[in-house]
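For reference, the chains in residue letters:
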Amino acid sequence: MRGLVRPAQYAALALYILFLGFPLLWLMSASVKSSGELNSLTVSLLPSEWHWENYTEALDKQGLIRSAGNSLVVALASTALAVLIAVPAAYVLARLRGKLRVAGVGWILVSQVFPVVLIILPLFLILRTLGLADNLAGLTLVHTTYMLPFALWMLQGYVAAIPVELEEAGAMDGASRLTVLRTIVFPLLAPGVVATAMFSFVSSWNEFFFALVLLQSPENYTLPITLNMFVGGEGKVALGPLAAGAVLAAIPSIVFFSILRRKLTSGLMAGAVKG
Amino acid sequence: MKTRRAVVAACLMVTSLLLAACGSGSGDSGDGPVTLTFQSLSDQPAAIAQTQKIVGDWNKAHPDVQVKIVQAGWDGVYDKLITQFNAGTAPDIVHYEAASIAPFATDGYLADLTQYLPAEKKADIPKGVLDSVTVDGKVVAFPTELQSYVVFANKTQLQQAGVTIPTGATMSWDQLREIAKATTKDGKFGLGWGLSSPTAAFIALAPGFGGKYFEGTGNDAKLSVGQGEQALPQLVDAMAHQDHSIMPVTLTQSGTKALAPFYAGQIAMTVQGSYQAANIAKDAPKGFDWVVLPPLAGSAGPAQAANPQTLSVNKDSGHVKEAAEFVDFFTSTDNLAAMNEADALIPPTTSARQALTTKLGTKNGWGPILASGQYLTSAPYLFAGKYAQWKDTVATPAYQQFLGQKIDAAGLAKQLEDGWKSVSK
């Protein structure tokens, strides 16, 4: 009976992975189906005929690769900026006591309340005045600002979870404040930073509305804007090319995640040992 | 040391990315020929190519007035335009639809094109269609493309049911009901109609029963729901729940979704936007014999409300005259015919419709589809201020409840009218 436990665990895990991965599998299947098959009642995971031209059409449409490049630039830059700003701010927020902390936390929460439609016009006017409208740098700043409150909120939770006694012990051993931060706090905080970076990257990569309004020139469009072109008026959707475009759009995220996943694991282990 | 290097590397990366990004913005030197921006929403590959061809032809013939296409998508374009108009960065020429452009015209963002509308073109556009782009007596856009609601039928299924396929200039809704009844058997249904968002279809088809829904414009528009407005929802209700000739699941689906059972032979007919003819020609299984039935006529005739796609000119363009001349060029007979053929839509001018009829004949249902264009008439809802809000928050849920038999006809009328009063306060 005990010998069955491990295979059952693997089977459950496989089922869970299949459950989670099914939408991606379906998307990949849709990306190689003909329009007729996509609009038929016969449902099958494997296409009856493989239609790779969906990919050709997706790549031809409005410069998908250029848009992916724009998205990558904005997502990487805004992620780096958000993390660089959020790490010290989150540390201060977590360790600070008193009214300033309450005000800081309150401001983070309040900043999440405003709907984006409400702020888009003043934002657009400010960026235009700065010469940053219709510009990837402007969009990067907006994405950074947009994701910063949540990044701060996430990271301050990670900082708060690091016992302050560890820092005190370091100080007792004669380490300077910077040494304590560098050798004790940052390694323990690494998993949080990685998780925050992942969240920030995905938020920016998928962001649609700001990019839609702020970017005017097609050469500056990000991927969600270009993918949106597959959806026409009157509910017309080019399903095959859209699915193909979505598959291609998922690749950079998967690569980014697979790179950061290792850091997340090593960070967790580092935290376990030091903790 | 390693950490410091990593931080410095990260800072350099961010700086270089930002500098690279800063360099990619567009700029206007202000020298040379006038450059007009044309925000196009064309979404089909053939229509995009045709738009590029028309713009290319214009640019070749007008070296001093160059038009630059800015390709955009339909989704979210209203929010984008609101921001652009408010911030003074809207394109010179705006592609959109009459229903959505009317509020921009009311708010004074669009140029009055009346003086740029040549008399012969004015005579070429049916009055009802011209009305749909006329706000406060000013022509605020030129119509470019139209769609109507038509019935696509599986010819084989109709013949097997012993039905005589209508071939007249029009067919009545009663005929449709009879054919649907006759073809409902053996687990198959006579009709499939994707009515998950029924408001647009019911309002567009209401003129066939004398229904208007709205009177007046802007925030003063009044809504009344009488027999003319109720006739079609009640007919659908009767077909679905008395005759059982409408496939029930399609009532909760989008129009496109209802095509799958049509291809599979589970429904004999489906009511769709006329543009679906192109998709059916492409996607239907081999040997699937389909036809477009004649335009539907209600007690008041075959009229349908027109909501054309349009081209408008930004009032703050700085080059209104040149932009209006381009719009006139874009809507010439040949260009409209080519554009509508590419997009599988109906030209808004009589001459372009005739040109397309001559060219395409009855292939892929073009005959009855183009014929239905002559019955497109003015649409009072285009000018009702809070129509979009009413449609999404009041009308669609109310129609869904009615078709789901949660409320009766009186309850439907009350919800629609009370809802309008509430949103238009």
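Analysis parameters
- Position numbers for residues count from 1 along each chain, tracking the sequence in the order it is written.
- To label them, take the chains in the order written and letter them from A, then take the ligands in the order written and number them from 1.
- Local features are withheld for residues below a pLDDT of 70 in this predicted model, meaning they are given only at 70 or higher, and side-chain atom pairs are given and counted only at 80 or more; totals for whole chains, interfaces and linings count all residues.
- Only hydrogens and water are set aside; all other atoms, that is, all heavy atoms of the structure, feed into the side-chain values.
- A pair of strands counts as paired when DSSP detects no fewer than two bridges linking them.
- What counts as a helix is a DSSP run of H or I of at least four residues, what counts as a strand is a run of E of at least two, and both are numbered from the N terminus.
- Handedness rule for crossovers: strands pointing away from the viewer, path from the first strand over the helix to the second running clockwise, crossover right-handed.
- Here a Phe, Tyr or Trp ring, Trp counted by its six-membered ring, pairs with any other such ring whose centre lies within 6.5 Å, and the pair is stacked when the planes are under 30 degrees apart, edge-to-face when over 60, and tilted otherwise.
- The classification of residues rests on relative accessible area computed with a 1.4 Å probe and restricted to protein chains. Under 20% of the type maximum is buried, over 50% is exposed, and intermediate values are partly exposed.
- Residue contacts follow a heavy-atom distance rule, with two residues in contact if any of their heavy atoms lie within 4.5 Å.
- Buried area is understood as the total, over both parts, of accessible area removed when two parts are fitted together, assessed with a 1.4 Å probe.
- Note on definitions: salt bridges are taken to be side-chain nitrogens of Lys or Arg within 4 Å of carboxyl oxygens of Asp or Glu.
- Any pair of N or O atoms that falls within 3.5 Å is considered a polar contact. Within protein, one atom must be able to donate a hydrogen and the other to accept it, and sequence-neighbouring residues count only if both atoms are side-chain atoms.
- Each residue receives one of three labels: charged for Asp, Glu, Lys and Arg, nonpolar for Ala, Val, Leu, Ile, Met, Phe, Trp, Tyr, Cys and Pro, and polar for the others, Gly being one of them.
- Every angle, taken between N-to-C directions, lies between 0 and 180 degrees, and every axis is a line fitted to C-alpha atoms, over only the stretch in contact when it is a helix.
- Angles below 35 degrees are treated as roughly parallel, those above 145 as roughly antiparallel, those between 65 and 115 as roughly perpendicular, and all remaining angles as oblique.
- Left-handed describes a crossing whose near helix is turned anticlockwise from the far helix through less than a right angle; right-handed describes the clockwise counterpart.
- Here the nonpolar core consists of buried residues drawn from Ala, Val, Leu, Ile, Met, Phe, Trp, Tyr and Cys, with membership extended through side-chain atoms lying within 4.5 Å.
- Patch members must show over 30% relative accessible area and no salt bridge, and they are joined within 9 Å when carrying like charges or within 5 Å when they are nonpolar side chains of Val, Leu, Ile, Met, Phe, Trp or Tyr.
- Under the convention used here, a 1.4 Å probe and the Shrake-Rupley method define accessible areas, while residue burial counts only the protein chains that appear.

A. Fine view of the pairing of strand β1 (residues 34–40) of chain B. All names here are of chain B. Where β1 lies against strand β2 (residues 65–71), seven bridges are found, and the strand directions are parallel. Bridge assignment links T35 to a residue of β2, and that residue is Q66. Regarding the hand of the β-α-β motif, the stretch spanning β1, helix α2 (residues 45–61) and β2 is right-handed. The pairing of β1 with strand β3 (residues 93–97) spans two bridges and is classified as parallel. What sits directly across from F38, in β3, is I93.

B. Main features of the packing of aromatic side chains. All names here are of chain B. Within the structure shown, the criterion is met by 30 aromatic pairs over all chains. A ring pair is formed by W173 and F209, whose centres lie 6.0 Å apart and whose planes are at 40 degrees; its orientation type is tilted. Here W173 is found in helix α8 (residues 173–182), whereas its partner F209 is found in the loop between α9 (199–205) and β10 (214–215), with 36 residues between them in sequence. With respect to burial, W173 and F209 carry one shared label: buried.

C. The interface of chain B and chain A, seen in detail. Every contact between the two is made by 42 residues of chain B and, on the other side, 44 residues of chain A. Taking both partners together, chain B and chain A bury about 3,600 Å²; carbon and sulfur atoms supply 60% of that area. Where chain B touches chain A, the interface holds zero salt bridges. Remark: the boundary between chain B and chain A carries 10 residue pairs in polar contact (both at pLDDT 80 or more). Of all the secondary structure elements, the ones that give two or more residues to the side of chain B that touches chain A are α1 (2–22), α2, β2, α3 (77–87), α11 (259–263) and α12 (276–283) of chain B. Element by element, the count of residues in the side of chain B that touches chain A is highest for α1 of chain B, at eight residues. Along the lines of polarity and charge, the residues of the side of chain B that touches chain A split into 18 nonpolar, 16 polar and eight charged.

D. Examining unusual backbone geometry more closely. Residue and element names in this part refer to chain B. A positive phi is found at D186, a non-glycine position, where the angle reads about 55 degrees. Residue placement: D186 occurs in the loop between α8 and β9 (189–192). Assessed through its relative accessible area of 73%, D186 is described here as exposed. In the Ramachandran plot, A344 falls in the positive-phi region, its phi being about 55 degrees despite a non-glycine side chain.

E. Examining the packing of α3 of chain B against helix α4 (residues 98–106) of chain B more closely. Residue and element names in this part refer to chain B. At a minimum axis separation of 12 Å, α3 and α4 run at an interaxial angle of 20 degrees. By the criterion of interaxial angle, the relationship of α3 to α4 is roughly parallel. α3 and α4 meet at a crossing whose hand is right-handed. Across from Y78, L81, I82 and F85 in α3, the residues of α4 making contact are S100, P103 and F104. Looking at the contact of α3 with α4 residue by residue, the class counts come to six nonpolar, one polar and no charged.

F. Focus on the packing of helix α4 (residues 64–95) of chain A against helix α7 (residues 136–161) of chain A. α7 of chain A packs onto α4 of chain A with a crossing angle of 35 degrees between their chain directions and a minimal axis gap of 6 Å. In terms of crossing hand, the pair formed by α4 of chain A and α7 of chain A is right-handed.

G. Focus on the environment of V133 of chain B. All names here are of chain B. Within the secondary structure, V133 sits in the loop between α6 (127–131) and β4 (134–135). Look at V133 and you get buried, because its relative accessible area is 1%. Residues V133 and N364, 231 residues apart in the sequence, show an inter-C-alpha distance of 29 Å. Aside from chain neighbours lying at most four places away, what touches V133 is A98, K138, V139, V140, A141, P143, P308 and T310.

H. Quick peek at the sheet that holds strand β16 (residues 309–313) of chain B. All names here are of chain B. A sheet is described by the order of its strands in space; here five strands give the open sequence β2-β1-β3-β16-β6, paired in mixed fashion. Unpaired on one side and paired on the other, β2 and β6 (142–145) mark the two borders of the sheet. This sheet shows a mean twist of 25 degrees between the axes of neighbouring strands, independent of strand direction. Sheet topology places β6 next to β16; three bridges connect them, and they run antiparallel. Residue E145 lies in a different strand from β16, and its bridge partner there is Q309. Against the sheet, α4 touches β3 and β16, its axis set at about 125 degrees to β3.

I. Geometry of the pattern of salt bridges. Residue and element names in this part refer to chain B. Across all of its chains, the model carries 10 salt bridges over all chains by this definition. Between D131 and K127 there is a salt bridge whose closest N-O contact spans 2.8 Å. Taken as a pair, D131 and K127 lie in helix α6 at a separation of four residues, close to a single helical turn. On the accessibility criterion, D131 (25% relative accessible area) is partly exposed. Put simply, K359 and E341 hold a salt bridge, and the shortest N to O gap is 2.7 Å. Taken together, the residues span a long stretch of sequence, with K359 in helix α15 (residues 350–360) and E341 in helix α14 (residues 333–343) at a distance of 18 residues. In this structure K359 comes out as exposed when scored by relative accessible area, which is 57%.

J. Local environment of the nonpolar core. By size, the foremost hydrophobic cluster in this structure holds 157 residues, and its most contacted members are W193, M269 and W390 of chain B. Looking at which element gives the most residues to this core, the answer is helix α17 (residues 387–403) of chain B, with eight residues. Not counting chain neighbours up to four residues away, the residues in contact with W193 of chain B comprise W173, A201, L205, L232, V236, T250, L251 and V271 of chain B. The next biggest cluster of nonpolar side chains, apart from the first, holds 41 residues, and it includes F201, W205, L227 and L260 of chain A.

K. Spotlight on a nonpolar patch on the surface. All names here are of chain A. On the surface, a cluster of nonpolar side chains totalling about 930 Å² of accessible area is made up of L15, L18, F22, L24, L25, W26, M28, V43, L45 and I254. Here the element with the most residues in the nonpolar patch is helix α1 (residues 5–30); it accounts for seven residues. Along the polypeptide, M28 turns up in helix α1.

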